[in-house]
Amino acid sequence: MRAMQISSDHPLLLRIVDDLAERGWSQQNIFLPADLTRALAAECRKRDAEGELAPAGVGRGPFSEIREGIRGDHIQWIDPGQAEASDRYLNLMDSLREALNRGLFLGLEDFECHFALYPPGAFYRRHVDRFRDDDRRMVSAVIYLNDGWLPEDGGQLRMYLENDRVHDVQPTGGCLVVFLSGEVPHEVLPASRERLSLTGWFRRRGNEPF
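From a predicted model like this one, the values you see are computed outputs, not experimental measurements. The residue numbers shown here count from 1 along each chain, following its written sequence. At least 70 in pLDDT is required for a residue's local features to be given in this predicted model, at least 80 for side-chain atom pairs to be given and counted, and no such filter applies to totals for whole chains, interfaces and linings, which use all residues. The side-chain figures draw on all heavy atoms in the structure; neither hydrogens nor water molecules are used.

A word on the sheet that holds strand E7 (residues 157–160)
When DSSP locates at least two bridges between a pair of strands, those strands are taken to pair. The secondary structure listing takes helices from DSSP runs of H or I that are at least 4 residues long and strands from runs of E that are at least 2 residues long, numbered from the N terminus. Here 4 strands make up an open sheet; going across it, the order is E5-E10-E7-E8 and the pairing antiparallel. Since the sheet does not close on itself, it has two edges, and those belong to strand E5 (124–127) and strand E8 (166–169), each with one partner. Going across the sheet, the axis of each strand differs from the next one's by a mean of 15°, ignoring polarity. With 2 bridges joining them, E5 and strand E10 (residues 186–188) adopt antiparallel strand pairing. By the bridge assignment, His 127 is partnered in E10 with His 186. A fitted line through C-alpha atoms serves as each axis, taken over the contacting stretch for helices, and the angle formed by two N-to-C directions is quoted from 0 to 180°.

Quick look at the structure:
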């Protein structure tokens, strides 16, 4: 399974579209095959060992700053052509982008994502994924790369839903969470072990002038 390209009308992708339309979020516990999950985890660890992951900032552009009291993950953005595993994942996300556009008419034009490594004890305080001055991010997608994760390891993604409901997602390898970027506040709880993921956003054309 080299190309990792599936049809945009695959039942799994259509299930995600239906979930977003109905409730604004979707959780697929078995989304990636085990071999791709392992390959992506290995790529993340390789980049970390080579010093390519850097502390993530809070804010955007020149206003971004490192604030470990809010966010403690280390990240590196992904570009096409860097590694076979990440290219396979990007191809899969492009199929999902097409499915979202067909089903929800969102006008999504691209997908950006980065590896995220949370050292033990690191967290990310409650936030939403859309910037106040940039409305391009429409749909967030997080895939987890952690082997043998147990509930007592912590590190859950906590989503704050309507009617004061809270939903926790275990960061188990191969699990995908998708949600509307501007409408679902969420946080990452501290973990007792290293926590790996790929975090990304489907984006539409922004309102800024050309």
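Points about helix H2 (residues 34–49)
A helix is expected to span 1.5 Å multiplied by its residue count minus one. Over its 16 residues, H2 extends 22 Å from the first C-alpha to the last, a length consistent with the 22 Å expected when each residue adds 1.5 Å. Buried residues of H2: Leu 36, Thr 37, Leu 40, Ala 41, Glu 43, Cys 44 and Arg 47, and no others. Taken around the axis of H2, the buried residues stretch over an arc of 160°, which confines them to a single face. Facing away from the buried side of H2 by over 90 degrees, the exposed positions are Arg 38 and Ala 49. Residues are treated as being in contact if the distance between any of their heavy atoms lies within 4.5 Å. Turning to H2, the residues buried within the fold contact strand E3 (74–77), helix H3 (84–104), strand E4 (108–118), strand E6 (137–144) and strand E11 (195–204). Accessibility here uses a 1.4 Å probe with only protein chains present; expressed as a share of the type maximum, an area under 20% marks a residue as buried, one over 50% as exposed, and anything in between as partly exposed. Arc definition: directions from the helix axis to the C-beta atoms.

Points about the nonpolar core
The term nonpolar core refers to a set of buried residues drawn from Ala, Val, Leu, Ile, Met, Phe, Trp, Tyr and Cys, joined through side-chain atoms within 4.5 Å. Formed by 38 residues in total, the largest nonpolar core has its most connected members in Phe 31, Leu 40, Tyr 89, Met 93, Val 139 and Phe 202. Mapped by element, the contributors of at least two residues to this core are helix H1 (11–23), H2, H3, E4, E6, strand E9 (176–180) and E11. The element that contributes the greatest number of residues to this core is H3, accounting for 8 residues. Leave out the neighbours within four places in its chain, and Phe 202 touches Met 93, Leu 96, Arg 97, Leu 100, Leu 108, Asp 110, Phe 111, Arg 136, Arg 137, Met 138, Val 139 and Ala 141. Membership of the second largest hydrophobic core comes to 18 residues, among which are Tyr 118, Ala 122, Tyr 124 and Leu 157.

Section: the sheet that holds E6
With antiparallel pairing, the 7 strands of this open sheet are ordered in space as E1-E9-E6-E11-E4-E3-E2. For this open sheet the edge positions go to strand E1 (25–28) and strand E2 (54–55), each flanked by a neighbour on one side alone. Across the sheet, H2 lies against E3, E4, E6 and E11, angled at about 65° from E4, the strand it touches most.

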